[in-house]
Every structure is written in C-alpha cells, then in structure tokens.
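The chain contents come next:
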Amino acid sequence: MAYDPKTGKGLGRLYSGDMHCTKRREWKGLKDTLYDYFRWLKLLWLLGSTLAPVLPQLMKALKRYRWMASYLTTPAFVDRHTIGLRGYELRYTHMQFYAVLQNSARMIKEMLERDENLNPKSKKAAALRAKTVIFDEMMPIQIMNGFPTLKGILIQMVPVFMAGEVDQLANMYYIDAIEHFGLAPDVCPLPAAEAGCCVVDDYPRIGAAYIGSSMPCDGSVATNMYSQRYFKLPTYTIAPPQRFNEPEVQEYAVKNLWGAVEFIEKQFNVKFDWDAFFAGVKRYNTETKYMLEKWDVNCTPYPQICGAALALHREYEMQIASALDPRMAKLDAKTCKLMQKGYEHDKKKDLQAKYRAIVWSCPAHYYSNFTYWAENCWGIKTLVDMECMLSHHFYDEHDKKQVLVDMARGYERMTMRSHSNGGYINALDECWKMCEKFNANIVFMYNHVSCKNFAGLQGLFEDQARERGIHLIWVEHDLMDPRTVSRKAMRDRVNRYMTTVFRAEPLDPTLMDYDDELTW
Amino acid sequence: MKDLKHLYYFENLLTEANNELVRQAKAEGGIAVGYTCFHMPEVLLNLDRCFSVRLRAPRTGSMEMATYYMSNSTCEYARALLERGLEGGYRFLDAMAGVDVCECMNRSMENMELLDVADPDKKGFFWCNLDSPCHDNEDAVAHVVEQVTRKVLKPLHENYGVDISDAAIRKAVDEHNEICRLITQIGEYRKLDNPTITGYEFHILTLATYVCPKYLIVDKLRQTLEELKTREPDSKKRFRAKVVLVGSEIDDPELISLIEDSGALVVADRFCYGSIPGRQEIRLTDGEDALTQVVRDYLHATLCVRHVEPHKIQKRLDTAAQLCQDFHADGIIYEQIKFCTYWSYERALASHIMADEYHIPTLSIDRPYMSRTSGQLRTRVQAFVESLEIKKIRAAKAQKEEASHGV
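## What to know about empty space enclosed by the protein
- All chains considered together, the criterion is met by 13 cavities of 30 Å³ or more.
- Empty space within the largest cavity amounts to approximately 510 Å³.
- In this structure, the largest cavity is lined by 35 residues; those nearest its centre are B:Cys37, B:Cys102, B:Glu249, B:Cys272 and B:Trp343.
- Sorting the residues of the lining of the largest cavity by element identifies helix H4 (76-86), helix H5 (103-114), strand E6 (264-271) and helix H13 (341-356) of chain B as the ones contributing at least two each.
- In this structure, the second largest cavity encloses a volume near 230 Å³.
- Lining the second largest cavity are 25 residues, and of these A:Cys188, A:Cys217, A:Cys362, A:Met416 and A:Leu479 lie nearest its centre.
- Broken down by secondary-structure element, the contributors of at least two residues to the lining of the second largest cavity are helix H8 (189-199), helix H9 (218-231) and helix H18 (452-455) of chain A.
- When grouped by side-chain class, the residues that make up the lining of the second largest cavity number 12 nonpolar, 9 polar and 4 charged.

## Regarding helix H3 (residues 74-82) of chain A
All names here are of chain A.
- Buried residues dominate H3, accounting for 9 of its 9 residues.
- Those residues of H3 that sit buried are Thr74, Pro75, Ala76, Phe77, Val78, Asp79, Arg80, His81 and Thr82.
- In this structure, the buried side of H3 is in contact with helix H1 (30-51), helix H4 (87-114), helix H6 (157-166), helix H12 (307-321), helix H14 (370-378) and helix H20 (487-500).
- Looking at the residues trailing H3, positive phi occurs at Gly84, about 85°.

## Some words on the packing of aromatic side chains
- One pass over the structure, following the stated rule, counts 41 aromatic pairs over all chains.
- Ring geometry for A:Tyr35 versus A:Phe38: centroids 6.3 Å apart, planes at 55°, classification tilted. Residue A:Tyr35 and its partner A:Phe38 are both found in helix H1; the two are separated by 3 residues, about one turn of the helix.
- Judged by its relative accessible area of 15%, A:Tyr35 is buried.
- An aromatic cluster of at least three residues, connected via ring pairs, comprises A:Phe147, A:Trp258, A:Phe272, A:Trp274, A:Phe277 and A:Phe278.
- Over the aromatic face of B:Tyr210 sits the side chain of B:Arg54, whose NZ or CZ is 4.9 Å from the ring centroid.
- Directly above the aromatic system of B:Tyr9 lies the positively charged group of B:Lys220, at a separation of 4.6 Å from the ring centroid.

## Observations concerning H9(A)
All names here are of chain A.
- With 14 residues, H9 ought to run about 20 Å at 1.5 Å a step, and its terminal C-alpha atoms sit 21 Å apart, in line with that.
- The element H9 is largely enclosed, with a buried count of 13 among its 14 residues.
- Following H9 by one or two positions, Lys232 has its phi on the positive side, about 50°.

## Thoughts on a nonpolar patch on the surface
Residue and element names in this part refer to chain A.
- A cluster of nonpolar side chains, contributed by Trp27, Leu30 and Leu34, occupies part of the molecular surface with about 350 Å² of accessible area.
- Structurally, the position occupied by Trp27 is in the segment before H1.
- Assessed through its relative accessible area of 45%, Trp27 is described here as partly exposed.

## Some points on the environment of B:Asp219
- With respect to the helices, strands and loops of the structure, B:Asp219 is situated in helix H9 (residues 214-230).
- In this structure the C-alpha to C-alpha distance between B:Asp219 and B:Ser165, which are 54 residues apart in sequence, comes to 27 Å.

## Thoughts on the interface of chain B and chain A
- Counting from both sides, the interface comprises 50 residues of chain B and, opposite them, 54 residues of chain A.
- Summed over both sides, the interface between chain B and chain A buries roughly 4400 Å², with carbon and sulfur atoms accounting for 57% of that surface.
- For chain B, the biggest contributors to the area lost against chain A are B:Glu103, B:Arg107 and B:Tyr345; these three give 19% of the whole.
- On the surface where chain B and chain A come into contact, there are 7 salt bridges.
- A salt bridge links B:Glu110 to A:Arg243, with the nearest nitrogen and oxygen atoms 3.4 Å apart.
- Taken together, chain B and chain A are joined by 29 residue pairs in polar contact (both at pLDDT 80 or more).
- Mapped onto the side of chain B that touches chain A, the elements with two or more residues apiece are helix H3 (64-70), H5, strand E4 (126-131), helix H6 (138-160), helix H12 (310-326) and H13 of chain B.
- By residue number, the principal contributor to the side of chain B that touches chain A is H13(B), which donates 10 residues.
- Looking at the side of chain B that touches chain A, its residues break down into 21 nonpolar, 13 polar and 16 charged.

## Notes on the environment of A:Arg327
All names here are of chain A.
- Following the sequence through the fold, Arg327 ends up in helix H13 (residues 326-349).
- Expressed as a C-alpha distance, the spacing of Arg327 and Asn269, which sit 58 residues apart in the sequence, is 29 Å.
- For Arg327, the contacting residues outside a window of four places in its chain are Gln102, Asn103 and Arg106.

## Details of the sheet that holds strand E1 (residues 31-35) of chain B
All names here are of chain B.
- The strand order E2-E1-E3-E4 describes an open sheet built from 4 strands, whose pairing is parallel. With partners counted over all chains shown, the strands left at the sheet margins are strand E2 (50-54) and E4, one partner each. Pairs of neighbouring strands in the sheet enclose a mean axial angle of 25°, with direction left out of account.
- In the sheet, strand E3 (residues 95-100) pairs with E4 via 6 bridges, with the strands oriented parallel. Across the sheet, the residue bridging to Ala97 is Cys128, located in E4.
- Packing of H6 onto the sheet brings it into contact with E1, E2 and E4, and relative to E4 it is tilted by some 170°.

## As for the packing of helix H8 (residues 199-211) of chain B against helix H10 (residues 253-261) of chain B
Residue and element names in this part refer to chain B.
- Relative orientation of the contacting elements H8 and H10 amounts to 170°, with a least axis distance of 8 Å. On the basis of the axis angle, H8 is roughly antiparallel to H10. Seen from H8, the contacting residues are Gly199, Tyr200, His203, Ile204 and Leu207; seen from H10, they are Pro253, Ile256, Ser257 and Glu260.
- The residue makeup of the contact of H8 with H10, split by class, is 5 nonpolar, 3 polar and 1 charged.

## Digging into the sheet that holds strand E5 (residues 355-360) of chain A
Residue and element names in this part refer to chain A.
- Ordered by their spatial adjacency, 4 strands build an open sheet running E6-E5-E7-E8, and the pairing between neighbours is parallel. At either end of the open sheet lies a strand with only one pairing partner, and these are strand E6 (380-385) and strand E8 (471-477). Across the sheet, the mean angle from the axis of one strand to that of its neighbour is 30°, orientation sign disregarded.
- Pairing of strand E7 (residues 442-448) with E8 involves 7 bridges; the strand directions are parallel.

## Describing the confidence of the model for chain B
- On average, chain B scores 96 in pLDDT, and the residues at 70 or more come to 100%.
- Interface predicted TM-score (ipTM) for the complex: 0.94; the corresponding pTM is 0.95.

## Let's talk about the layout of surface pockets
- The space that makes up the largest pocket amounts to roughly 630 Å³.
- Lining the largest pocket are 27 residues; nearest its centre among them are A:Lys9, A:Arg86, A:Glu89, A:Glu375 and A:Lys381.
- At the level of elements, H4, H13 and H14 of chain A are the ones that each hand at least two residues to the lining of the largest pocket.
- Residue contributions to the lining of the largest pocket peak at 4 residues, all from H4(A).
- For the lining of the largest pocket, the per-class residue count stands at 11 nonpolar, 8 polar and 8 charged.
- A volume near 460 Å³ is recorded for the second largest pocket.
- For the second largest pocket, the lining is made up of 21 residues, of which B:Met1, B:Thr198, B:Glu201, B:Arg238 and B:Glu260 are closest to its centre.
- Residue assignment for the lining of the second largest pocket shows that the elements contributing at least two residues are helix H1 (7-13), H8 and H10 of chain B.

## Points about the packing of helix H11 (residues 274-299) of chain A against H12(A)
Residues and elements named next belong to chain A.
- The geometry of H11 relative to H12 is characterised by a closest axis approach of 11 Å and an angle of 165° between their N-to-C directions. As summarised for this structure, H11 and H12 are arranged roughly antiparallel, according to the angle between their axes. The two elements H11 and H12 meet at a crossing, and its hand is left-handed. Residues Tyr284, Glu287, Thr288, Met291, Lys294, Trp295 and Asn298 of H11 form the contact with H12, whose own contacting residues are Leu310, His313, Arg314, Glu317 and Met318.
- Partitioned by chemical class, the residues of the contact of H11 with H12 number 5 nonpolar, 3 polar and 4 charged.

The rules we used
Residues numbered from 1 in each chain as written. Chains lettered and ligands numbered in written order. Predicted model: local features only at pLDDT ≥ 70, side-chain atom pairs only at ≥ 80, totals over all residues. Heavy atoms only, no water. 1 Å grid on protein atoms, 1.4 Å probe; cavity = no way out; pocket = protein on both sides within 12 Å on 5 of 7 lines; lining within 4 Å. Points joined across faces, edges and corners; volume = space filled by probe spheres on them. Helix = DSSP H or I, 4+ residues; strand = E, 2+ residues; numbered from the N terminus. Nonpolar A, V, L, I, M, F, W, Y, C, P; charged D, E, K, R; others polar. Buried < 20%, exposed > 50% of the residue type's maximum accessible area, 1.4 Å probe, protein only. Contact = heavy atoms within 4.5 Å. Phe/Tyr/Trp six-rings, centres within 6.5 Å; stacked < 30°, edge-to-face > 60°. Lys NZ or Arg CZ within 6 Å of the ring centre and 35° of its normal. Expected span 1.5 Å × (residues − 1). Patch = residues over 30% accessible without salt bridge, like charges linked within 9 Å, V, L, I, M, F, W, Y side chains within 5 Å. Areas by Shrake-Rupley, 256 points an atom, 1.4 Å probe, with all protein chains shown as cover. Salt bridge = Lys/Arg side-chain N within 4 Å of Asp/Glu carboxyl O. Buried area = accessible area lost by both parts, 1.4 Å probe. Polar contact = N/O pair within 3.5 Å; in protein donor to acceptor, adjacent residues only side chain to side chain. Pairing = 2+ DSSP bridges. Axes fitted to C-alpha atoms, helices over the stretch in contact; angles between N-to-C directions. Parallel < 35°, antiparallel > 145°, perpendicular 65-115°, else oblique. pLDDT = per-residue confidence, 0-100. Left-handed = near helix turned anticlockwise from the far one by under 90°.

And the structure:
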C-alpha cells in the first residue's frame, strides 16, 4: 500500500469487523513485501519442521485442548506486529519474533511428546516425564542450566500465557470457568485463567515434580493453590523476598533458591552440575549484553528495535528460554549487527521519531501489537517497555557463591516483579528515571484494571507526572480479557489524548477507528 | 442474656483509632506503634513503654481521596486506612510497623508515607515495611529476625530509647500471654450448647485487645471472664445455627452482628483481627533467645493465605474443619473483603473442598469493608441458615427412619 498523505498507509482498511484475520496482506513495496513473504515461508517451515515429529500428538491435542487451536494462528500473530513496518525495522521485528517462536515451537513439541493425556501408554513419553520438572509460569528456569539431564518446562506458558498473546480470544473460556467456580472477577485474569485451566482440566501432564512461585503479584501466588491441587506432584515453592532492594535480604533469597536445587536433586536423584550451569551463565550474560546494546541505541535520537519486538523478546529470552537455548544468543548477535547498520542509516539521514514514549505497567496480552498501532497511527515510537526491564545485571561466571547471589537477584527481578515488588521506588521513581534515560516525554501508562499493585500507586503517578511535565496517557485494559476493555477502547484513549492535548494529526487516519474485536 | 457489664465501654473504645485508652497511655509516656497485619509480631510492638495499635478506620464513609490515590479496584480496608490517614486520624502514632504482605496494604502504607500522614513534629517517627517470607522454615525465621531487628527494634531503641533486650521481650510475652489466656477462656464459652457469649460480644472484646494498650484493659477482661462464669444463657436459643467464620480482615463488629441477626451464631473467628490465630499463648524456653522463638511462633501459627506451601494449605483446611468440630458448628462461612486477591482464591477453592471433601456445609461470600447496610448479605446468610435447618430436619428424619427400621 503506497503512502498517501491524506490516508497514510491505509492500514485500518486491512481489518474487517467480521473476520478473524486481515482482509489481505499488506503491500510494503516490492523489496519489503518479498522479504516479508520470505519470512512468512520461513516461519511456516520452522513450525512444520519442529512439529512434524509429533504430528499424531498434535492432531490429538487439537481435539483435547482448547488452547491448541490458537497456535494455528501464529503467522497472523507475527503479521500483526509487522503491519506498517518497513526496511530495518521490519527485519528486526521478524528476527526478534523468529527467535521467540523457534523456542516456543520447541516447547510445544516437548510438551506434546511428554503428555500423558496424549500418550497414555507410551513408555517413551513416561520416561521423558520422569525427567521433567514443571515450573509455575511466572518464573525463569535458569536453575535448570545446572541439570542438563533434566528438562524444565513452564507449565502454564503454552496453554495460557502465550496462547493469549497469539489469539486474543484464547483465554476467555478459562476466565469464565474460574469465575463460575467462585473466584471474584476483579482479580488479575492471568492467574485466574491459569486456575481456570486447572478447573476444566486443560493442562497437559508432563512432569514428575512441580516448582511453584511467589512471583509478581498476589494472584500469581494464590493460583499456586490450584496448581498444586491439580498436578498432585511433589512441590517446592520459590519465594524470593519482596523488598529485594535491600542487600540484607539476599542471604535468604539464596537459601530459598538453593532449596529448589536441593529439591530437584532429591526428587530426581541427580547432582547439580556446576560446569553446565556456568555455561548457561555465560549464555545469559551474552544475551544480557545484547539487550543492553539494544537499550543503549534506543536512548539515542535514532532508536531501532522498539515496541513488542524488544519487549516480548527479552521477556521470553530471560524467563522462558532462560539461557537454556544457545540459538537465542546467536540470533541476538545477528540482530544486533543489523541494528548497528540501521542506526548508521537513520543517523545519516537524521530519521528521528516524531514522538518518543515508554510503556509502563503491564501491557495487555491480547494487544501486544498496540505499540505498533501507536507508531503507525501517530508516529509514537515506543522505546522500551517496563516488562522487558527485568533482570539485566551480569552474573559472576566463576564464583559459585557469588553466582547464586546474582541468580537470586535475577529471580527477584523477573517479568513484572522487578517493578511491582520491592516498594514504590521500583515502580514510581524508576518510571521517571527511564523517561530521562530514554529521553521520552510520553508514558503509555497501562492501567490494567485488575492489577491492584499498580492501581495502588495511581494517584501518585498522576501527581508526579504532572509535576514533571510528562504526558501520562492512561490506557485501560484487562490483560487477558478483551471483553472488559477492547483493543478499540485502548486505542481510543490514545486518540483522544493526541487530538486534544497534542492537537496532533494522525499519520494514518484509517487507524483511528476500525473494528478488530474478532481479529485473533 | 443480661448485657455484659463492660461491653458498652469496650464498644465505645472501638469507635475511633485514637481512643480514650490510647490517649491515656500516650499521656503516661507510652509510644504508640501502628500496625495492620499478623505478620508483624504484635508482641514485639509492646516492649517497654511501647504499645501496639492495630489500625482500623471505624465509621468509614466516603473514601474519595484514597480512591483517587489507589483507584476503586483496591481493597476497601487498605483504602479506608489511607483515607483516615489523610484526614489526620493516625497522627497520634509514633511509628508505623507495616509489612509487605499483600499488595493493597503495602501500597496503602507507601501512600501514607509519601503523602506525609505522620505528625511532622514527631522526630522519632519511622516507617517500616517488613519483608515477610512465604515459608515457615528456619531460614525464614532467621530472615524475619533480621528484618524485625533492623526495621523495628533498632529504630525503637535508637529513636525512643526503648528496651529491646531479651528480658524485655520475655516480659512482653508474659503480658501478651495473659491477654491470650483471658480471651481463650472467654472464647471457650462459645463451645457450650447454648453459648453464654455471642460472636458479636466476643469480637468486641478481641478487637479491643488489638487496638488498646493491653495493661489498661486487662482488669476489665478479667472481670468479664468472671462475669461469664455465672452468666445465664437465654432460656430459648436465639440462634438457629452455629457457624465458624473464616476469611479475610474483619474489624467491623457490625458484620458479626448482621450474621447473628440473620440467625447464625458465630462461634469461632478464624479471620484477620480474629482470635484464631492471634490470641494463643507464646511458649518460650530458656535455651534460645526470645526474639527467635517469638518469630518462629508467628511463622508457624500463621494461617495467612499467602503461604502456599502444601502443608500450609492443608493446615488451613484442617483448622477450619477442626474448629467446626470443636465449637459444634453446623457450617462455615467463608468471607472475603472485596478486592482481596488472596482470599478470593482461598474462598473459592476452600468452599468447594469443605463442602465436597469435608462434608461441611459452606457459604461463600464477599463483602464491603463496612457491611452494616448490606441487605444482600443478610439474605444470603438467612438462606444459608435455612439450608442448615433443612439439613438438620432431614438428618433427624433419616435417623428416625433408621431407628424404626432397626426396631
């Protein structure tokens, strides 16, 4: 679609209120459309080749699990994040998403081949299950680097967490199920959906021990009650301290984390392998180095890897891949190399962003491409996302004692928890610090209507933003439940702010008002 | 029944946070330490000249300011405290011993701190946010000992010259234990077939022990216990069923009153601000420092929902069932204050487990902070009472039929 100053790229016309997918693919000019198409084929090849060995289980899973069908929409998920993008940005986004999806596809394969529900009589599946530790989803599994003979899988990740990102309609059934069970509807829908998935028996049975967590919020802690009861496995709870900015709490944090190591050693009769663990630590450090490079570039007037491509990638890399997948760092190296080229290109041509924003509080799972919409519609570049500002300190690569302290700090600062816990400083003061660091004067302040943690600071955010002259654009959402606040309602908040406060004209007026309630 | 002699006096003490006895203790040189949660060991706030005041916001009406700061989707109790703080209702406090246990309470404390609700003239005032672990093992004990020492005891000593020695802790435990013994003994009268104390009266007494300097109420508690020994119950039972009340924070006696007016006598109080846990004696030995023992006792005793280790989850369920048996209750009411995430999860799950696995009739409700006017709540309790009565009638009928078949 060629750019027209009156209608912009006309991207809003790609959507239809009665269709799950877009009406057609976007024409991005010959070169970029060909690249985009090549990437589409590459993604299909990745999914096909990874899942082919478990095709029978995949077919059974489509019948057995409600969430499985959502993954058929994966190509559309990537398309949503690349609509409107050109040149380097298009390439970064594809590369970042590819890194995430290759890891996720492998995780799905590993779940399918282990699942007792799908392979009830398989000895191979039973043997795999006997070597598998399942983890609560809101937690990195870095400790598994020290158990190379075992497999760690985040149990709720595929059925709930990722499914809701790929398909906005995926989690509703589970949310309804748990509310019908008696849970109040005001709690965060993520742990609610996870508990709902237990209630309707929609988890695969894939492990021999369970590690729960006390991760970002009360809901995440409380949902452990349901998981434990459902899985009926030997259980250990990793519960790092809340006030983790205090150096004094680290001793307890290490003991608690080491307790998980001892638990796994006991359950599986294996020893923690320090050499394998340090190899994982090196991978983590390499990935972190690349992450910091991306942030550094985004602090300049010529930001490169922005929006969900930056945020989702880091979240998955740290929390899910957890330095267990060597391909992540390799793909990072390629992306960062290209990023340097892109930076030089933009600098030479002085291509600066019209508006610079950061995202704060937790974003809507069902609208992870929201930041791309803001870029396409208003020219607002999202430089960083609170969710990806999780653990980014380096771990010691040699000292056993120190690396455990470092890893405990990493667990304390995982997704969301790094800002929702540890006191208001991590949420409030940190936000203004990041505005300064990234030279942004707009904050997309996600107002997750069920998140009591950030809601508890709402007035202080408002007061302090006003004092600092920062544009705080409150964007309501309900994390996993688009029925409470639709994607359109989220966009309307920004549209209203941009037209009334900034008196801005949209770059693409067709994106101001369109219907995507049914879109995956 | 004839009114308890001191009930009216105790009721009056609960009408404001800075009540008559708090003022008296302050005038006598006492140091008032505010706190909100069981995870802050209460006994450690009663050392030397200190006395603990568990915060409430009685007679709460509008919470507009707090809603601006904390939104309308957060726990009403946390908001009510912030509102009261912003109104200047906690300026009498000399320190605030908060805990980072649940999101809303933590944010409420942080808002209070940032919005300067403390009296600026109190130079020794300090805020604390205790990190409370989700485990109850020895590592967790050591962690809490460090936290309490650094964040509470040390500032009390340095800012106010409070004696925080082992001897002082043991003395405070002795005084605490006396209150616990009295409350426990008074509570025993709820086990009678026709109890000589109502749930409402008991809650008033228990609440008073949380919000008043203990040395100023102990005499009246002793007299109340004596009074109960000879108190005559109503000749005709004024309740239709007995229930155990389990759940989140309740500091509103009107809620208990509402339940009892609907026909259900509350015979056991297993909720935050109730007596179980919270009013059980702490047994100290000489072989170990008192602080560690106190902390261990609290960690082991807690029935807080944020503890999700399997043994703790099981303990909560077993305790509820045991209370039902010990206090001869016909059912359990699981309640949660609105917007309490932890108790929402526990309530939903436990109410199913209790009914399905323990075979104890269970009512599951959520409620506002001040529930005195809730007609809906009243209707639900009445319906529950009726269902309990029907169950009793059916059971009696079945027993009769069984007996006649046997003959």
